[in-house]
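# Remarks on the overall topology
Spelled out from the first residue to the last, the chains are:
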Amino acid sequence: MIKVYRKPPQAFPTESAFFRLPGTLLMVLDEDWNVQMMSEAWNDVLGIDQTALRWRPFAALIHDADRNGVRDRLSQLDENKTTLRFSCRCRHADGHYVGLAWSVNLDREHRLYYVSAHETGVRLSTDAGGLPEVLIDGLTGLPNRGLFVDRIGHAIQRARRDNDSRFAVIHCGIDRFSVINHSLGNRIGDLLLVELANLLRRSTRPTDMVARLGGDEFGILLEDIRDETSPIRVIKRLQAQCTLPFELHAQEVVASLSAGMTLSAPEYEEADAMLRDAGMALKRAKTQGGGAHVIFDRKLHEEAFNRLDLELDLRRALERNQIEVYYQPIVRVRDRRLVGFEALARWNHPERGLIAPARFIPLAEESGLIVPIGRWILERACTDLKRWQTAHPRRPALTVSVNLAARQIAYPDLLKDIRQSLRQSGLAPRHLKLEITESAMMDDAERAIELFVALKRSRLKLLLDDFGTGYSSLSYLHRLPIDALKIDRSFIEHIDTRPTDRSFVETILSLARQLNLEVICEGVERVEQETLLHALGTSHVQGFMYSRPVTASQAEMLILQDLKHPGHFLPESCPPQTGASHPGCAAPA
């Protein structure tokens, strides 16, 4: 038997203004689940006046077939579990049923239940089946992407009817979530997602919708905002809270949050377009180092179209022989002898000219094109080096270094491609060096270690590139079967003028000696840098002082020069500049 509580409490600990917001579905239930307060918007959704809803049992609104399930869910709320999310069907005054997604919060102090609901856009007949649970994310209990997009659509329609109605869509994501997942395990990753979902829900108004969009990404719909400063304040508050450590089963995890935002505007007619632009802004925010936020503007849209055009051209670049391999010499410091080359990718576009790697390498990595491009660079480098060895048998054998991107490391046939390139070219494995950056390794450290062990068995030389600039590989360094460290050019640039940079290089050199590793310093441009590095014990260097990246034919000229005049690899002999360079497939020159 259902009790009916007809006397309202003396005071409700809530903001009554919320109950007058148009389009906002809110209720307050007493401890017997009777309706005590509700917002005016329920009349629009269910066609029932407030006076008809107040004091009625909450269960009376629910479809008969869903009622027992809802009661079972509500009974789960207690001192330990104070939040609940579910979806069900509610009866409209005209007889049809409306699908609603519910969020219920227990106020333990006042023994009241605060209820907010969002329309799902699902209109059902009286005998229709239950509302699909796919509208709710299984892990976090939040509305999912489909429900979120539907809610944005409702907000757009409402804004058309009311010019004063403004809202914002926030698309946010955890920075470097894959690192947390790979290093601490999927269980910790899932716990972090749940904790973040709870934080987002607690930190937003009952009138706002928080949804999980997939993976580590969440959406927030902020309705009834005054201007763009309101959502910015929300984003900054969330980012500040995310920097506090999360306690996950005795594991302390610190995370940061990046966010992209779009504001309601007359040109937005589709919810998908608005969420797409927020996602575009999020993508830009993540490139700013984490913990950033970006507001979408038309420039981002134009850049996206330009990137799409560039990606289409890049897909055709390999088959049209537009990707070229350039080589930068690696020099032994003690006698200035040429000992090898680093292979670098260049894109010679027929209309745009030589495209900087900074533009196309990240695009290749995002699109997955880095795998076929990397395979081609590997084949070309092995073939060129073998040809030079055959043409100049009198000089000591050179080596060639090829960079591996994170996508290539994850590619299951990478080892097969490497062996095939060596077999087809006839190059001995000991003359091929493979470079991987710290950041690429940390995307999946265990996979990288497993791959390095397999490569080492094939007698290949392995290098850790851009050492000192990545996320953190010190904890893995002793497990990596590497032969050398490459110190990033950012630490070499001011080594002769900044004591801190010199101390950093000295520390790495000391560490390398203890681990029996060679060290290659990138970005050497001045004699003063070379002299100091030699005094500190650096074995190998590369940089503009010796040569910029050059074509294969120019590289052979450098081999001849070193052969005729050993120990005279001097700046005045450098070939002309042939293009910029970039980390990844095209490492710093």
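Residues numbered from 1 in each chain as written. Predicted model: local features only at pLDDT ≥ 70, side-chain atom pairs only at ≥ 80, totals over all residues. Heavy atoms only, no water.

## Describing the packing of helix α8 (residues 271-286) against helix α9 (residues 298-317)
Threshold: Helix axes are fitted to C-alpha atoms over the stretch in contact, other axes to C-alpha atoms as well, and angles between N-to-C directions run from 0 to 180 degrees. Strands are runs of DSSP state E lasting at least 2 residues, helices are runs of H or I lasting at least 4, and numbering of each runs from the N terminus. Here roughly perpendicular refers to angles of 65 to 115 degrees, roughly parallel to angles under 35, roughly antiparallel to angles over 145, and oblique to all remaining angles. By definition in these notes, contact holds between two residues if any of their heavy atoms fall within 4.5 Å.
At their nearest, the axes of α8 and α9 sit 10 Å apart, and the two run at 85° to each other. Classified by the interaxial angle, the pair formed by α8 and α9 is roughly perpendicular. Together, R276, D277, M280, A281 and R284 of α8 and R298, L300, H301, E303 and A304 of α9 make up the contact between the two elements.

## With respect to α8
Residues three or four positions apart in an α-helix share a direction because the helix packs 3.6 residues into each turn. Spelled out, the test is: A helix's residues, less one, multiplied by 1.5 Å, set its expected span. Think of it in three bands: residues with accessible area under 20% of the maximum for their type are buried, residues over 50% are exposed, and the middle band is partly exposed, with areas taken using a 1.4 Å probe on protein chains only.
Look at α8: 23 Å from first C-alpha to last across 16 residues, which is about the 22 Å you get at 1.5 Å a residue. Regarding α8, the residues found buried are A271, A273, M274, L275, D277, A278, G279, M280, A281, L282 and A285.

## Some points on helix α11 (residues 370-391)
Taking 1.5 Å per residue, 22 residues should reach 32 Å; α11 reaches 31 Å between its end C-alpha atoms and fits that length. Turning to α11, its buried residues number three or more, namely I370, V371, I373, G374, I377, L378, A381, C382, D384, L385, W388 and Q389.

## Describing the environment of E506
Within the secondary structure layout, E506 lies in helix α18 (residues 499-514). The spacing of E506 and L533 is 27 residues in sequence and 9.1 Å in space, taken between C-alpha atoms.

## Focus: the packing of helix α5 (residues 177-184) against helix α6 (residues 186-202)
Keep this limit in mind: Ten residue types, Ala, Val, Leu, Ile, Met, Phe, Trp, Tyr, Cys and Pro, are classed as nonpolar, four, Asp, Glu, Lys and Arg, as charged, and the remainder, Gly among them, as polar.
Contact geometry for α5 and α6: axes closest at 6 Å, N-to-C directions at 135°. Considered as vectors, α5 and α6 are oriented oblique to each other. Mapping the contact onto sequence places F177, I180, N181 and L184 in α5 and N186, I188, G189, L192 and L193 in α6. Taken together, the residues of the contact of α5 with α6 break down into six nonpolar, three polar and no charged.

## Considering the confidence of the model for the protein chain
Keep this limit in mind: Confidence per residue, as judged by the predictor, is encoded in pLDDT with a range of 0 to 100.
Summarising the model, the protein chain shows a mean pLDDT of 81, and 87% of its residues fall at 70 or more. Low pLDDT (under 50) marks residues 1-18, which in the prediction has 34 contacts with non-local residues, meaning those over four places away or in another chain.

## Comments concerning empty space enclosed by the protein
The condition that has to hold: Cavities and pockets are defined on a 1 Å grid built over the protein atoms alone: a cavity is a set of grid points where a 1.4 Å probe fits but cannot escape, while a pocket is an open set with protein on both sides within 12 Å along at least five of seven lines, and lining residues are those with an atom within 4 Å of any such point. Grid points are joined across faces, edges and corners, and a volume is the space filled by probe spheres set on the points.
Scanning the entire structure with this criterion turns up four cavities of 30 Å³ or more. Approximately 90 Å³ is the volume found for the largest cavity. For the largest cavity, the lining is made up of 13 residues, of which V371, G374, R375, Q408 and L414 are closest to its centre. When contributions to the lining of the largest cavity are tallied by element, the ones reaching two or more residues are α11, β16 (399-404) and α13 (414-425). No other element matches α11, which puts four residues into the lining of the largest cavity. Taken together, the residues that form the lining of the largest cavity break down as eight nonpolar, three polar and two charged.

## Notes on the environment of W55
Here W55 is to be found in the loop between α2 (50-53) and α3 (64-74). When the C-alpha positions of W55 and D30 are compared, they lie 9.5 Å apart, and in sequence the two are 25 residues distant.

## Overview of the pattern of salt bridges
Just so we agree on the cut-off: Put simply, a salt bridge is a Lys or Arg side-chain nitrogen that is within 4 Å of an Asp or Glu carboxyl oxygen.
Scanning all chains against the criterion turns up 28 salt bridges. Linking D137 and R212 is a salt bridge whose minimum nitrogen-to-oxygen distance equals 3.3 Å. Note that D137 is positioned in the loop between β5 (112-124) and α4 (145-161) and R212 in strand β7 (residues 209-214), a separation of 75 residues in sequence. By relative accessible area, R212 is classed as buried at 14%. The partner of R316 in a salt bridge is D313, and the shortest N-O contact between them spans 3.0 Å. Residue R316 and its partner D313 are located together in helix α9, separated by three residues, close to a single helical turn. Here D313 falls in the buried class, since its relative accessible area comes to 18%. Linked through salt bridges whose partners overlap, the residues forming this network are R151, R158, E223 and D224.

## Some details on the packing of aromatic side chains
The condition that has to hold: Each pair of aromatic rings taken from Phe, Tyr and Trp, with Trp reduced to its six-membered ring, is defined by centres within 6.5 Å and is described as stacked if the planes are under 30 degrees apart, edge-to-face if over 60, and tilted in the remaining cases. Any Lys NZ or Arg CZ that is within 6 Å of a ring centre and within 35 degrees of that ring's normal is treated as a charge sitting over the ring.
As enumerated under the stated definition, the model contains eight aromatic pairs in all. Centre to centre, the rings of F341 and W388 are 5.4 Å apart; their planes meet at 55°, and the pair counts as tilted. Pair noted here: F341 is in strand β14 (residues 337-349) and W388 is in helix α11, with a separation of 47 residues, a long-range link. Each member of the pair F341 and W388 is classed as buried. Among the aromatic residues, ring-to-ring pairing joins W42, F58 and W102 into one connected group. Over the face of the ring belonging to F544 we find R548, whose NZ or CZ atom lies 3.9 Å from the ring centre.

## Focus on the sheet that holds β7
How we decide: DSSP calls a pair of strands paired once it identifies at least 2 bridges connecting them.
With respect to topology, five strands assemble into an open sheet ordered β7-β8-β6-β11-β12, the strand pairing being mixed. Unpaired on one side and paired on the other, β7 and β12 (293-295) mark the two borders of the sheet. When strand polarity is set aside, the average angle formed by the axes of neighbouring strands in this sheet is 20°. Of the pairings in the sheet, the one linking β7 to strand β8 (residues 217-223) comprises five bridges and is antiparallel in character. Of the residues in β8, the one forming a bridge with M209 is L221. Contacting β6 (167-174), β8, β11 (257-263) and β12, helix α7 (residues 229-242) crosses the sheet at an angle of about 170° to β11.

## Comments concerning unusual backbone geometry
Even without being a glycine, N321 presents a positive backbone phi close to 60°. With respect to the helices, strands and loops of the structure, N321 is situated in the loop between α9 and β13 (323-332). Of note in this structure, N516 is not a glycine but carries a positive phi near 60°. Structurally, the position occupied by N516 is in the loop between α18 and β20 (518-521).

## What about a nonpolar patch on the surface?
Quick reminder of the rule: Patch definition: residues with relative accessible area over 30% and no salt bridge; like charges joined within 9 Å; nonpolar side chains (Val, Leu, Ile, Met, Phe, Trp, Tyr) joined within 5 Å. Using the Shrake-Rupley algorithm and a 1.4 Å probe, accessible areas are obtained, with residue cover drawn only from the displayed protein chains.
Residues F305, L308 and L312 make up a contiguous nonpolar surface patch of about 280 Å² in total accessible area. Take F305: it is sitting in helix α9.

## A few points about the pairing of strand β19 (residues 484-487)
Remember that side chains alternate between the two faces of the sheet whenever the strand is regular. Burial of the side chains of β19 extends over both faces: A484 and K486 are buried on one face and L485 and I487 on the other. As paired strands, strand β18 (residues 461-467) and β19 are joined by three bridges and run parallel to one another. Bridged to F467 within β19 is I487.

## Here's the deal with the nonpolar core
Put simply, the test is: Note on terminology: a nonpolar core comprises buried Ala, Val, Leu, Ile, Met, Phe, Trp, Tyr and Cys residues joined through side-chain atoms within 4.5 Å.
In this structure, L314, Y327, L432 and L434 are the most contacted members of the largest nonpolar core, which totals 81 residues. For this core, the element with the most residues is α11, which contributes nine residues. With 32 residues, the next largest nonpolar core counts I170, I188, M261 and L263 among its residues.

## So, the environment of I180
Looking at where I180 falls in the secondary structure, it is placed in helix α5. For I180, a relative accessible area of 7% corresponds to the buried category. The spatial distance from the C-alpha of I180 to the C-alpha of V254 is 9.5 Å, given a sequence separation of 74 residues. When neighbours within four sequence positions are excluded, I180 is seen to be in contact with G185, L192 and V253.

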